[in-house]
Structures are given as C-alpha cells and as structure tokens.
There are 4 protein chains.
Amino acid sequence: MKVGLIGLGLMGHGMGESLLRGGHELTVYNRTASKADALVAKGARLAKSPADACRGDLVVTMVADDAALEEVTFGAHGILENLSAGAIHVSASTISVALAERLTDEHAKAGQHFVSAPVFGRPQVAAAGQLNILAAGAADPVQRAMPVLESMGQKVWPFGERPSAANLVKLSGNFMIFAAVEALAESIALLRKAGVDEHAFVDMMTNTLFAAPIYKIYAPLITKQQYRPPGFAAPLGAKDTRLALAAGESLNVPLPLASLVRDKFLALLARGGEGDDIAALGKVAAEQAGM
Amino acid sequence: MKVGLIGLGLMGHGMGESLLRGGHELTVYNRTASKADALVAKGARLAKSPADACRGDLVVTMVADDAALEEVTFGAHGILENLSAGAIHVSASTISVALAERLTDEHAKAGQHFVSAPVFGRPQVAAAGQLNILAAGAADPVQRAMPVLESMGQKVWPFGERPSAANLVKLSGNFMIFAAVEALAESIALLRKAGVDEHAFVDMMTNTLFAAPIYKIYAPLITKQQYRPPGFAAPLGAKDTRLALAAGESLNVPLPLASLVRDKFLALLARGGEGDDIAALGKVAAEQAGM
Amino acid sequence: MKVGLIGLGLMGHGMGESLLRGGHELTVYNRTASKADALVAKGARLAKSPADACRGDLVVTMVADDAALEEVTFGAHGILENLSAGAIHVSASTISVALAERLTDEHAKAGQHFVSAPVFGRPQVAAAGQLNILAAGAADPVQRAMPVLESMGQKVWPFGERPSAANLVKLSGNFMIFAAVEALAESIALLRKAGVDEHAFVDMMTNTLFAAPIYKIYAPLITKQQYRPPGFAAPLGAKDTRLALAAGESLNVPLPLASLVRDKFLALLARGGEGDDIAALGKVAAEQAGM
Amino acid sequence: MKVGLIGLGLMGHGMGESLLRGGHELTVYNRTASKADALVAKGARLAKSPADACRGDLVVTMVADDAALEEVTFGAHGILENLSAGAIHVSASTISVALAERLTDEHAKAGQHFVSAPVFGRPQVAAAGQLNILAAGAADPVQRAMPVLESMGQKVWPFGERPSAANLVKLSGNFMIFAAVEALAESIALLRKAGVDEHAFVDMMTNTLFAAPIYKIYAPLITKQQYRPPGFAAPLGAKDTRLALAAGESLNVPLPLASLVRDKFLALLARGGEGDDIAALGKVAAEQAGM
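Residues numbered from 1 in each chain as written. Chains lettered and ligands numbered in written order. Predicted model: local features only at pLDDT ≥ 70, side-chain atom pairs only at ≥ 80, totals over all residues. Heavy atoms only, no water.

Attention shifts here to the sheet that holds strand 3 (residues 45–46) of chain A. Residues and elements named next belong to chain A. One open sheet accounts for 6 strands, arranged 3-2-1-4-5-6; its pairing is parallel. Of all the strands in the sheet, the pair left with one neighbour each is strand 3 and strand 6 (113–116). For strand 1 (residues 2–6) and strand 4 (residues 58–61), the ladder comprises 4 bridges, and the chain directions are parallel. Of the residues in strand 4, the one forming a bridge with glycine 4 is valine 59. Strands strand 1, strand 2 (25–29) and strand 4 of the sheet are contacted by helix 1 (residues 10–21), whose axis makes an angle of about 170° with strand 1. Where helix 7 (residues 139–152) meets the sheet, its contacts fall on strand 1, strand 4, strand 5 (88–91) and strand 6, and the angle it forms with strand 5 comes to roughly 60°. (Pairing = 2+ DSSP bridges. Helix = DSSP H or I, 4+ residues; strand = E, 2+ residues; numbered from the N terminus. Contact = heavy atoms within 4.5 Å. Axes fitted to C-alpha atoms, helices over the stretch in contact; angles between N-to-C directions.)

To go from the first copy of the chain to the second, apply a rotation about an axis and then a shift along the same axis. Between chain D and chain C, the superposition needs a rotation of 180° and an axial shift of 0.0 Å, giving an RMSD of 0.0 Å. One copy is carried onto the other by what is essentially a two-fold rotation axis. Among all residues of chain D, the minimum C-alpha distance to the rotation axis is found for Ala212(D), at 2.3 Å. (Least-squares fit on C-alpha atoms with pLDDT ≥ 70 in both.)

For these two chains of identical sequence, chain B goes onto chain D by a turn of 180° and a shift of 0.0 Å along the axis, with RMSD 0.0 Å. Both copies contact each other with a shared surface, as 100% of the interface residues of chain B are interface residues in chain D too.

Let us now look at the UniProt feature "domain: 3-hydroxyisobutyrate dehydrogenase-like NAD-binding" (unreviewed entry) in chain A. The sites that UniProt annotates as "domain: 3-hydroxyisobutyrate dehydrogenase-like NAD-binding" (unreviewed entry) are residues 165–283 of chain A. End-to-end, the C-alpha atoms of residues 165–283 of chain A are 33 Å apart, and along that stretch the chain is 71% helix and 0% strand. (UniProt positions renumbered as here; feature names shortened; annotations may be inferred.)

Next up on the list: the interface of chain D and chain C. With 58 residues of chain D in contact, the opposing surface of chain C contributes 59 residues. Between chain D and chain C the total buried area reaches about 4,900 Å² when both faces are included, carbon and sulfur atoms providing 80% of it. By the criterion of area lost to chain C, the three top residues of chain D are Met176(D), Leu190(D) and Leu209(D), representing 15% of everything that side buries. For the interface between chain D and chain C, the tally reads 11 residue pairs in polar contact (both at pLDDT 80 or more). Counting only elements with at least two residues in the side of chain D that touches chain C, the list comes to strand 8 (131–135), helix 8 (163–194), helix 9 (198–205), helix 10 (213–223), helix 11 (234–250) and helix 12 (256–270) of chain D. Of the residues forming the side of chain D that touches chain C, the biggest block, 20 residues, is contributed by helix 8 of chain D. (Buried area = accessible area lost by both parts, 1.4 Å probe. Polar contact = N/O pair within 3.5 Å; in protein donor to acceptor, adjacent residues only side chain to side chain.)

And the structure:
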C-alpha cells in the first residue's frame, strides 16, 4: 500500500523498517528530518510536512504524546486538512482516551477514517515486525489497514469498533506493567533490608508463578539497580499513569493502585529520575526504606 | 525416613500423599482425627498427639497460622518437649518472620533443629509432589531434610541458613500475588465500566507480556466474577498481607502497595467476602466503581 | 467603584449583595439572566454579555470552573476583548494554577491587569461581606482592587505578586478540608462499628484539640449522616482535588493524601453521591467497613 | 485518696504533681527509681515494686506501651497479684484495644476493677492538672476514681461502661492528629516547591477554618522545619498508628488514611527520624518532593 508514517523516534523508525520490508510504498515525516535518513536510504520517500505524508491510502502516526499528535493532526499542514476523503489515519501512539474520541469525531466529519492501533513492544520488536497491535475502529477501515498492521506486528488484537477502546486497553496494560514493577520494587526493598538474597527470590518467582516476560525484564533491572539508559522512560510512565487516571476519573472509577504508582513516579522525577527507566521505582522504594 | 506430619488440611493431606508415595514411614496427626482416615488407609500411622508424631527423625508441620503452630509446638504434648535431640522440625506453614525466629531459638535451646520450608502450590500440586519449596536453615539439617522435601516438591529453592528468610520470601511472594490480583481488579473494573471487552484484554495480556501462571489463574476468575469456592481464601490473603506488613514494620520498610491491598481485603471481608477467593478483590474494585 | 460582576450562583449572588452594600456601582451578568433579578431589584444594572459588564474599572468573576471562566474571558463578547486598558479582572473562582497563569499572561498582553482573589466562606458569609479573601497580583492593581475586596471580605490575606499563588493556596486549603473530612470519616466509621459513641467522640474532639470551625461543621454532618443538600458539593470536591493534584504533578510533588481523597470522591460519585456534600466521604468509609 | 502511681516518665511525673496538689496520699513507682526523687521531695512515698504501689484504693498506670503495662500488671510483684479485692486499676497509657479488653477480664476475675482513662495533653498540661481525660469502665469504679481523675484533668469525658471504648477513642484521636499533620506536610511541601509563602498560608489557615490548637501547634513546627526535640515522638506516632490499624483490622474496618500515615512514619524512622517529632512527616513530604 501507499503509506505515510509520521514520527520517527525509536519506535517509529522500527515500524518504518517493517513497513518497507512489507513492501509498502512508504513516505516518512519527522520534525527533525535527519532522523529519516536511514529509512530514506532503504527506499522511503521523505515528506516535508505532515500534509506531504498524507497522499496515500493511509497514514500511520507514532508520536510522543497527545500534544504532538494534536499538532501533526490539527496543526498547519496537518493530517486533518490534507488526508483524502476515505483515507485512514492509524494512530499507534499511546494517547488519551479523550483525544482518541476527538480524533474519531473530527476525522469522521472530514469524511476520513480513524483507527486506533497502539502497540506493545520495544524498538527492536518494532523493527522486527513483531509488535502486538491493539486495533479498534470501524470494520471496513480496520480491514483495509490490516496489511499495514500485519507488516508491523506478529499479531493484531481486535478491540471492536470504537477506536478509543484500544487506547484504554493500552493504558490498562501499561498500568499493569507499572503495578508489577511497584510490587517488585517493594518486595525487593523488603528482602534487601532484611538481608535476604533478592536475586534468589527473583530467580524463583520468575521461574514459577511469575514466569512472564514482564517480570523477567524488570526484576533483574531492580535487583541490579540498573536504571539507565531507560527502555521505558520514567516520564513516559508518569504520563501514561496520568492518562489512565484521567480515563478512570471521567468514568468515576477509582484506581488506587494507579494513584499510588503516580505518586511514586512523581517522587522519582522529583529526586533526579528524569533520565531513569520505570524500573527506578525500585530506587524510590529502597530510599523510602532508608537504603 | 521416619517422618511425622502435623496438620491435615487440604495442603497437609496432599503432602502426606506425596510422603507416602516417596516411601517414608509416615505418622500423621490432626486435631480432628477423622481427617487422617484416607492417609491411614494408605499406610500412615495415626498419632494421638503432636508428641506422638515426633518419634522420628523429622516432623513436618502444615497448619493454618501462627497460633496453630504455637499450639502444636509449645503447647502440652507439643513438639518442643517431645522431639528428640538432633531431630528436625520442618515448618511448611505460612507464618510470621517473628515466629520463625522464635522457633529457631527455642529448638536450638532444646538441642533440636528448625528448618523453614514454606511452599507454593495448591492442594492438587501438593498431592502430586510438585510443590515449589523454599528452604532455609542450617546446612546440615536442611541436607538431612532434603529427601523429605524432594518427595513433596518438584524443586527446592534454597534461601540460606537463617530459617526466617524463607518465610519472608514466602510472604513477599504472596504479596506479589495479591498485587497482581489488585492490578487486574482495577484494570478490569475500568474496562468493564468503559464498555470495553475485558475478556479480550485478559486474553491479550496473558498471552503476551503477562503470560504467567498467576495471571492465567486469576484474570479469568475476575472477568467471570467467579469468587467461590476459594482456592486461596480471602481471610488468608488478609492474614498474609498483615504478616508482610509486620515484617516491613519491624525493619522500617514502608510497603504502600501492601497497605493498599490490606485495606481492600478488609473491605472485602467487611462486605460479605469471608468465603471468597482472593480474586474477589475484583468485586471490591467493581463496587467502588459503582458496578 | 464602577464594578462588574460575572457569575451569580449562590456565592456570586452573595458577593453582589456585599458590593451593593459597599456602595459600588454594580453591573451584573449571568448566563441565565433571571438569577440577576434580586440584585437588580436592589440597584444593580443588568449586563447582556460579559462584555457589557466590563465597562468599569474592575470586573469580578465568580464562576463554576476553568471551562466557565475560559468562556467568559476568552469567548465571544468576552472579558479579554472588552476590558479597558488598565482595568482589572479579579478572579474569585476556584480554578487551576495553569489557568491563572494563562490569564495573567493574556491580560498583560492586552494591557489589562489580572488579580487572583479566591475566597473561603459559604454563600451566607459572602452575603454578609465576611469572606476570607486570598489576594495575589501586582501591587498596584491589588491596591486599586482593595475597596472592592474589602466590601466582600472580613479580611484580605495577601499572597504576593504572582496571581496563581493565591489559587494554589486556595487549592491547598480545600485539600486540607477534604483531608479533615476523610480523617473524620474513617475515625467515625471505626468507632461506630466498634459500638463506641461517635457523638461523644466528636463532642470531645471539637471542644479540645480540634476546636476549629471546619471540624465543628463537618463532624456532626458525618455522625448524623446528613449529606444533603450539599453545602460543598461532592463533585466540586472531586474537581478541586483534581486541580490540587495537577498542580502537584506540574511541580513533581507527590500528594498521596490528595490521591486518596480523590479516589474516595470518585467512589462516592460512582455510588450515587453526585448530589451529596463532601461530608459523604463518611458514607464511603462506612460502606467500605460493611455498614 | 490513697493512690499508687506507676510510671514516672514526663507525663507520669506531671500527673504525680497534680495528684499531690489534689491532696492524695501518693505512692509512686518507677523502674528507674531516681525519677521519683522530685515527687518524693514533695511528699510522695517511694514504692520498691509495682506491688508496693498497690496498697491503696486505686493505682494509676502511665507507661510507654502494651509491653510495659503487661509487665507491671501481669509480671512478678505485679498489680494483678497484689491489688486488693475491690480496688481499682486506672490505666492512663495509650494502649491497644486488645490489651484493655484483656485487663478488663483479668481484673474482673481477680475481683478487682479496671478503668481506662487515657489522656490528651502534654507534660506541662499534666503537671497543671489540666488534662482531658477519657474515662470508661463500670459506673461504680469510675465514680470512685473521679476525685483522682479530677485532680489530674480539667475535664473528664465519659465513654461508657466498656473500658476499651476509651482506648479506641484515644487511638482515633491520635489518628486525627497524625492525619492533620500529614495534610499540613503535603500542603506545605507543595507551596514551598511552588515558591509560595507557606508561613502566610499557615497564618491564614490557623486563624480561620483551622483555628484549632492542633494546627497552631504543628503547622509552625513544619514551616520552620523544627523537628527536635520531640514533643510527640515519631516512634510513638508509628506505634499508635499501628494500634489504630490493629483495632480496625479486628473489626474489618479499612482505614486507608491511617495506612498512609503508617507508611510515612516508617519512611521517617527508616531515614533517621527516630529522634524526631511527628511533625517530621513534613520532612518526609519535602524529601519525596525532591527538596
């Protein structure tokens, strides 16, 4: 397909590689154009504006946050004004439920389609085309976007016709990750202060009841106190927790564990953790225990 | 070996089966003697008192809580007065760190040995000899207890020479379970109230980042709101959380996530959940969201 | 002075009465014009738009929330476009720190002045001119606004030259109120379930260490379970807590007690409390204790 | 009356002065006898054991915690074995509800009476006979103890015939204090980090809605960061919070705000606060905000 891709951070870059490998005719845009060099070298066309990446059947966005997506969509030379009638905006960013709903409405008014397709997976996974992709939107545009999604992901998980559902699922999934990290952080602080071998604890847990990727990734980072460079940056963790809480607030759903995680992230950021991984919740727990 | 087993609840019974299968010469004791019938039919000898189960090289205890273990150990006709010098008390119950330390001291004074060997696994797993066993204690008695532990477990995880270390690891592990259940409870409440398919969410999560036994067990219980009969009873969850918090308190380690879980368990018990599984934290989250 | 007043809810109406009593030449505006009748009968002039209330030296706004203040300020026929150069916008509403900062900037660009003057006190107190007013802004406009503030308040508490400081103080003060109510709610739930006389408890506390207006107001509402009609409506409590948390978030200040209160408010709203007073946190505590 | 007094810490000493001033025939006991010197110089008789202080109609105990009260009551030469039939044990210490219930039962079995009379007030207040005393117990012994209570307190607040009710009220009252301190701690941290004058905030609050002794005492300690020497020591705050939580747990009453305070106290103790006042919750809040 003729595909635009806006946002070439680590994740977007990886997705671009997968799209090229999938045989799509790819146009890429990034605010800092030099980040597009590697993809251009592999055959992508360079767009000079978001508008310029909107000439195909479908444009994928993968940007940092709500503000960035609002700018490329609603701003000057933006997607909304330039995407063809009937074409599809596939949003892969982790954004708020409220923005997903606004995008759904605005694109519909413009005769365009909006599909939410947030992803799980790190940059290497994106580059390998092995993401897990949560897709929600009207049946026809989702169906038409499927070749693109399948180029980027090992599996597409459908979440119905309301695009924001996929965003809420993504935020819930990230919240589950933060909760797992906080549980590890507290457990490991307790064991360490008690003089019990926390590595043995982690070895046992991640080979039995908690033998899941998320624990195998984060538990060793905490026991080794290896918080930089970030794989999942703490400020993004704080942001996503805020978005989950905002979703809960709009529905009157209290999320006390998310509130707890939020306060821990703020303490982390306040105490020098801007450049840390979310695993540094382990540092906060240790500090509060006087270690 | 010549082994005593005190405490024939669901778990103790299963462990008894594994001990018989392992070829040990087994004497069993339970306050309600009739619970011993099935094991006696398979060849176990019935003891009339804890003392009567202490005539061998080693006695295993698997009872409900600190109070029960104190009674069979320190009470009349108890283990402490009747175990031979040099013999071993293997405690498999989930008890407090403080009691484990007291038992270590008291058995040492009496010329006996104390080994902590709390377990992960449900009754069927115990009966199949497939428990995961956390063992801590002086090297020699742990070594001597190994044939018994190996009859009951698929794997023995060593945690050093201080018996209470294994208890702290067990409490930390249970806390991790409760934290995972609470995270699921909140996520699922949020998705359900938003009208998003929580079953699809669980399916995705437990097949990707959270593909671990604990999530595969508890997530469906929460989405199906299937809280009875309990596999892990809510009052035991409350008790174990209390023990983890007490361990933290004695070391000045704040555990805010454990505090949160404690308050949720209390709300559950206050609102009719005495007979529920710990998965019923899902009910508490839903009720607080007005569902 | 020649004063405009925008927003005639219960509070705004009371402030209008005090302004008339203070001898000011008052023009009033409210979206629903009929709410102005009583003040017009006492001598106020009725404005047909916010613009129409901006013809004097100073306009006071007292509206429900950020959105309402944004509309009357930045909307069509709004304050920003119509206030004279050198005139003053005095904002008495409980709004976000972020909006106060935006208003400060926008009014400065327009050659106007912005003074934040949020208030403590209920409608009767406003009508009696006995509010406590927190005032912040550049020295000259605050000085010029003083006759107006003094007509409405028993005391003006200065908080420096940055207008948003007064807003943060107001949000902090409201947070203190919610914290006091939550502490009462939990204490009273505990005593009630224990069968201890909670009225005697409240009588003792509010006549000794806690002999302050806030406890004398809220403690009896909770012991009598008298939650309607609201004096301070629960949805406003939820909103103000959100604004306090947002202020904390922007500065990386964790506020775990505010987070706790937020979740309690959401539970209250989720369970039928939209029409309740903030005292109904007492109901949430009681319900979670199974009463 | 012929009165014994056991426990001559700062509080007990002050109570002893008031008892002497009240004309009672006073016998005093303290583990470290030298602490009795000042009272002996004023006319008190020195007892060599708790038993020796039990020869009158009534013995007052004012000791540090449950363990200390258990020792002087149930230990060798203790109150239980030596108090005359019909005589009264008045317990003024802040102890657990569970111990108060045990004391009620044990004294009843011994033909003695138990009255709970925990107090609010600091050492100088005790010495001035101006305490607020919460009294609960059977009507007759409370009536007989009244002259003693009135010598020590400005007012006796009755809480019915079950002694432990007064203890629960005392724990609830202390929890209210800690909650107030935590609310101040978070507010002041927020304002300080925002660059807003926290002294002006405190001045305003403690002269308006929060014009109560507790806020006038603690708010300046926090704004001045004056945490030593302790008036109310942080370890005692942690202990009392634990007792409040234990009371809640036994009744299935979640107390999330008490849980939060507990975790803050643990963080304080873990980070060097053993010698601090409870006001040092302000330090914890500031540190978590990166100050």
